[in-house]
Amino acid sequence: MRIAMISQHASPLAAPGAEDAGGQNTHVAELASALTVAGHDVRVYTRRDSPALPEAVDAPDGYQVCHVPAGPARRVPKADLLPHTGEFGGRLADTWRRGGWTPDVAHAHFWTSGLATVHASRRTGVPTVLTYHSLGTVKRRHQGVPDTGPPGRAGYERALGRAVDRVVVQRSDEVAELVRMGVPRSRMALVPSGVNEAVFRPDGPVAPRDPARPRILTVGRMVERKGFLDVVRALPAVPDAECVVVGGPPAHLLPADTFARRLSALADSCGVADRVRLLGGVPREEVAAWYRSADVLVAAPWYEPFGLTPLEGMACGVPVIGTNVGGIADSVVDGLTGDLVPPRDPRALGTALRRLLGDNVRRFAYATAALDRVRSRYSWRRCAEQLVAVYGALTTAARPAPAVA
Ligand code: UDP
């Protein structure tokens, strides 16, 4: 099958950690690889955001990345991309109409890519699939500030849900959210994101640690909603444990980072500064060694659209304590593969940590069950298979019925 993936702001070739480069870049890269491995012909369309980028590049994993000239050839924050989506969609339509390579299906990632794709589809008849990744309304509700792009975002997202042929949702609470927005349930398919099991696995290098001191690990960008402050507030409940925080700017830039300073000041005032280690951002290929070094991974966001870190920890055989929000509530099965606690509740987190760190048998049972769960439900191969079934239904529906002899 010829599959176009549209990811206007998030190139699969960008290094995660840069501004606006995070989960979606990784998701698109892994998905494109898995679909290619499954034998499909995949092209990823992303905005040309540097004059140095060639029109098309072959990614090492065998798919092609096309750099679409739409808007200035420099980085534009994703919140400011709306004025360029029409041009982006027009270029897609022109390319596909030229006939050299017309996709059987176009899968858009994020709402601005969705707009461009619907625009192109109207002119070419290519069936469309959309993954929102995050929803403006949800983000606004949790962050309390409308920092999620143009004010019309929610309206566009609602309209897109009706304009595309299928919406791929990644977690169960997204279904309810979209139903509330008026997106027909019949148009949705639930396909969770995957985790790279070749990278995130129980065996492999382990970051150095003090064997005498239990290690709590937490991983993510240095933003308030990731809940690092709550993890620090929970530490007095587990007096012997150290807490390692992976994420944020590289270590040498941490002293200048406002949030990192806030976290250190809080650790001081809670009397746990000697047990909290801020590592700063760690390159992607080193993160697994840190997961493996931990006795427990804490994922304590206030909300989380999907949440890769709990899955990565589970794939490395580490028990997880997560907050009962968004995608984490799907990936962690409470009492079986980990513990779920309410968000913004350091007391509940402290109690869960004390119990789990004091119970080797429970940690082992959680880690084993977590590994099984990841292998059976969250492999990229499985994700690709499920998506191909979604695409296949659309292309069959779109094709004229064969003549009966
Ligand atoms: N990550 C990383 N280095 C770091 C911190 C995080 O490579 O120092 C990776 C982490 O392994 C995960 C991703 O960044 O793959 C974060 O994804 P998640 O869904 O947890 O959060 P997002 O950043 O998308 O909100």
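Below is a short write-up of the structure. Just so it is clear, the model here is predicted, and its values are computed rather than measured. Every residue gets a number counted from 1 within its own chain, in the order that chain's sequence is written. Where local features are concerned, this predicted model is filtered to residues with pLDDT of at least 70; where side-chain atom pairs are given and counted, the filter is 80 or more; whole-chain, interface and lining totals use all residues. Side-chain measures were taken over the full set of non-hydrogen atoms in the model, leaving aside hydrogen atoms and water.

What follows concerns the site of the ligand. The rule for a residue being near a molecule or strand is that one of its heavy atoms must lie within 4 Å of it. In the region of the ligand, 17 residues are neighbours, and R221, K226, V282, L308 and E312 sit closest. Exposure was quantified through the Shrake-Rupley algorithm and a 1.4 Å probe, taking into account, for residues, occlusion by the shown protein chains and nothing else. Burial of the ligand by the protein chains amounts to 86% of its free accessible area of 550 Å². To qualify as a helix, a DSSP run of H or I must reach at least 4 residues; to qualify as a strand, a run of E must reach at least 2; elements of each kind are numbered from the N terminus. Counting residues per element, the ones that place at least two in the shell around the ligand are α9 (284-292) and α10 (308-315). Here the term charged refers only to Asp, Glu, Lys and Arg, the term nonpolar to Ala, Val, Leu, Ile, Met, Phe, Trp, Tyr, Cys and Pro, and the term polar to all other amino acids, Gly among them. Its residues assigned to classes, the shell around the ligand shows six nonpolar, five polar and six charged.

With that settled, the discussion passes to the sheet that holds strand β9 (residues 215-219). The pairing of strands in a sheet comes from backbone hydrogen bonds and takes either a parallel or an antiparallel form. Strands qualify as paired when DSSP identifies two bridges or more between them. Taken in spatial order, the six strands of this open sheet run β11-β10-β9-β12-β13-β14, and their pairing is parallel. Strand pairing shows two members of the sheet lacking a second neighbour, β11 (276-280) and β14 (338-341), which therefore form its edges. Direction aside, neighbouring strands of the sheet carry axes that sit 20 degrees apart on average. Sheet analysis places strand β13 (residues 320-323) next to β14, joined by four bridges and oriented parallel. Across the sheet, the residue bridging to V320 is G338, located in β14. In this analysis an axis means a line fitted to C-alpha atoms, helices contributing only their contacting stretch, and an angle means the value between N-to-C directions, from 0 to 180 degrees.

Moving on, we get to the pairing of strand β12 (residues 296-299). Side-chain alternation along β12 places V296 and V298 on one buried face and L297 and A299 on a second face that is also buried. Where β9 lies against β12, two bridges are found, and the strand directions are parallel. If you follow L217 over to β12, its bridge partner there is L297. When the strands point away from the viewer, a crossover counts as right-handed if the route from the first strand across the helix to the second turns clockwise. Following the chain from β12 across α10 to the adjacent parallel β13, one finds a crossover that is right-handed. Note on exposure labels: buried denotes an accessible area under 20% of the residue type's maximum, exposed denotes more than 50%, and partly exposed covers the range between, all computed with a 1.4 Å probe on protein chains only.

On their own, these measurements won't tell you what the molecule is for.
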